[in-house]
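What follows is the residue order along each chain.
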Amino acid sequence: MTITTSISSVSEWDTCHRKAYYSSHSWGLGYSTMYERDSLAIGSLYHHAMKLVANGKPAHEALTLTGMAQESIWNTYNTRPNDADNILDTFAGLAVAHLKWQASDKSRYSDANLEVITVEEYIRFPMEDYEFTFVCDKIVRHKPTGVLMPFEYKTGKYPEQTEAGLPWDLQPRFYCYAVSKLFDEPVPGVLYEFIRATNPNKINILKDGLPSQALATLTGTTYEIYNETLVECAKRYCAPEWYPPAKRKYNSVEEIMVAYQPTLEKFQNRVDPIFWRRPHWVTQEEQEGAARDMLAAAKEIEVGRQLGADVRPTGLNRSACNAWGGCPYKSPCLVHGQGGDFEGVLKSDFIKNKIRLTDYEGKEI
Ligand code: SF4
């Protein structure tokens, strides 16, 4: 009999066995958090919009359709505490900023250098008695070198942390292994696009009507958006109904642009961009090792599934408790360890077998 396991449940098991036990509906108790965190909700919307664009929808139409899908994110549960307007504003700002960034990107891994082979492909990969399922955001061919690579979007508040964790993540190593076997050609790595879930339009405008030059307060803004806002503000500043010319510090848009040149240069060289793409290289040995690790984890999970919900797995990974903003299962996990009514905690704070978000056509996203 073939046992089907998703890569995400194996990854969760890899992060903390107990987390998988509390959350996996196909095996343990099946309780998920009632609402998506804001950055996850933004990530889902963003993902969906990029999928529509990659499937040939014009960008403005993809944004409208995704805006319609957002209803399902905060209306699913009455208790949802997320700020819906903030999510939508941030998402829309990010999506527009992404298009500008991409249009100005001349790097080696810009869209112009990528041929898209598949988008959101649901992959079933067999190994021994198991079938591993996963959805690859995209599979692309890098035109200058001809190499095939899985492509993944990673959206979050702290994408640097996600990037720093990649060497320990089973997912990229296994994706390379599976895609190289399926296409029967070498796959040297995964191309990641990191996205900071932040509203790029939040620019601090000073009393004189011009944008602040303090980069520290503008961490969520791109060069393109800052430049555009600056031009708009400069035109307004120089309009006759603004200060009387005698009171103005600057007398023309050109003068303002010259004065802001150092800020614009700093923006172009900034170290905390909103978007960046980077390949994560994976050796052949690492790919073979990932296949072995994946099988071993799937077998462990199967043993756990057969033992049932009464047996809490051991082998917890303490570093996962506080990583990524803290494990959501901390309370039931603690109560469980003290012999308390952990299921009562799960029932009050979590939802069992949560339904997935759907898009405007009712499909899961
Ligand atoms: S609190 Fe820590 S040990 Fe408990 S489920 Fe979460 S990550 Fe695992």
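Remember, it's a predicted structure, so these values are computed and weren't measured experimentally.

The next point concerns the overall build of the protein. Looking only at helices and strands, the protein features 15 helices and eight strands. Relative to its full complement of 365 residues, the protein shows a buried share of 31%. Restricting the contact set of the protein to residue pairs at least 6 apart, pairs at least 24 apart contribute 67%.

For helix H8 (residues 170-183), with 14 residues, the first-to-last C-alpha span of 20 Å sits near the 20 Å given by 1.5 Å per residue. Those residues of H8 not exposed but buried are Pro 172, Arg 173, Phe 174, Tyr 175, Cys 176, Tyr 177, Ala 178 and Val 179. Once H8 finishes, Asp 184 follows within two positions and takes phi at roughly 55°, a positive value.

Note: strand E4 (residues 130-142) against strand E5 (residues 147-156), five bridges, orientation antiparallel. Within E5, the residue paired with Arg 141 across the bridge is Leu 148. Counted between consecutive antiparallel strands, the loop separating E4 from E5 contains four residues, among which Gly 146 sits at a positive phi close to 80°. Pairing geometry for E5 and strand E6 (residues 189-196), over six bridges, is parallel. Paired with Glu 152 across the strands is Tyr 192, a residue of E6.

So, about the packing of helix H1 (residues 7-15) against H8. Axis separation between H1 and H8 bottoms out at 10 Å; the angle between their running directions is 145°. Between H1 and H8 lies a crossing whose hand is right-handed. Counted together, Ile 7, Ser 11 and Asp 14 of H1 and Leu 170, Gln 171 and Phe 174 of H8 form the full contact between these two elements. By residue class, the composition of the contact of H1 with H8 is three nonpolar, two polar and one charged.

Looking at the protein, the pLDDT average stands at 83 and 86% of residues meet or exceed 70. H8 holds the highest mean pLDDT among the elements of the protein, 96, whereas helix H5 (residues 71-75) holds the lowest, 49. A low-confidence stretch, residues 74-80 stays under pLDDT 50, and its non-local contacts, those more than four residues away or across chains, total eight contacts.

Another aspect to go through is the site of the ligand. Around the ligand, the structure places ten residues, and the nearest of them are Cys 16, Arg 18, Cys 321, Cys 327 and Cys 333. Of all the secondary-structure elements, those providing two or more residues to the shell around the ligand are helix H2 (17-23), helix H13 (319-322) and helix H14 (330-337). The class makeup of the residues in the shell around the ligand is seven nonpolar, no polar and three charged.

A few words on helix H12 (residues 284-307). Compared with an ideal rise of 1.5 Å per residue, which puts 24 residues at 34 Å, H12 spans 35 Å between its outermost C-alpha atoms and is within 8% of the ideal. All buried positions along H12 are accounted for by Gln 287, Ala 290, Met 294, Ala 297, Ala 298, Ile 301 and Gly 304. Taken together, the buried residues of H12 touch strand E1 (3-6), H1, H2, E4 and H8.

Before going further, it helps to examine the packing of helix H9 (residues 223-238) against helix H11 (residues 261-268). Their axes nearest at 9 Å, the elements H9 and H11 cross at an angle of 160°. One way to sum up the angle between H9 and H11 is to call them roughly antiparallel. H11 is crossed by H9, and the crossing has left-handed handedness. Residues Tyr 223, Tyr 226 and Asn 227 of H9 touch H11, and the partners they reach there are Leu 264, Phe 267 and Gln 268. Classifying every residue of the contact of H9 with H11 gives four nonpolar, two polar and no charged.

Rules used throughout
- Residues numbered from 1 in each chain as written.
- Predicted model: local features only at pLDDT ≥ 70, side-chain atom pairs only at ≥ 80, totals over all residues.
- Helix = DSSP H or I, 4+ residues; strand = E, 2+ residues; numbered from the N terminus.
- Buried ≥ 20, exposed ≤ 12 C-beta atoms within 10 Å, placed from the backbone.
- Contact = placed C-beta atoms within 7 Å.
- Expected span 1.5 Å × (residues − 1).
- Pairing = 2+ DSSP bridges.
- Axes fitted to C-alpha atoms, helices over the stretch in contact; angles between N-to-C directions.
- Left-handed = near helix turned anticlockwise from the far one by under 90°.
- Nonpolar A, V, L, I, M, F, W, Y, C, P; charged D, E, K, R; others polar.
- pLDDT = per-residue confidence, 0-100.
- Near = placed C-beta within 6 Å.
- Parallel < 35°, antiparallel > 145°, perpendicular 65-115°, else oblique.

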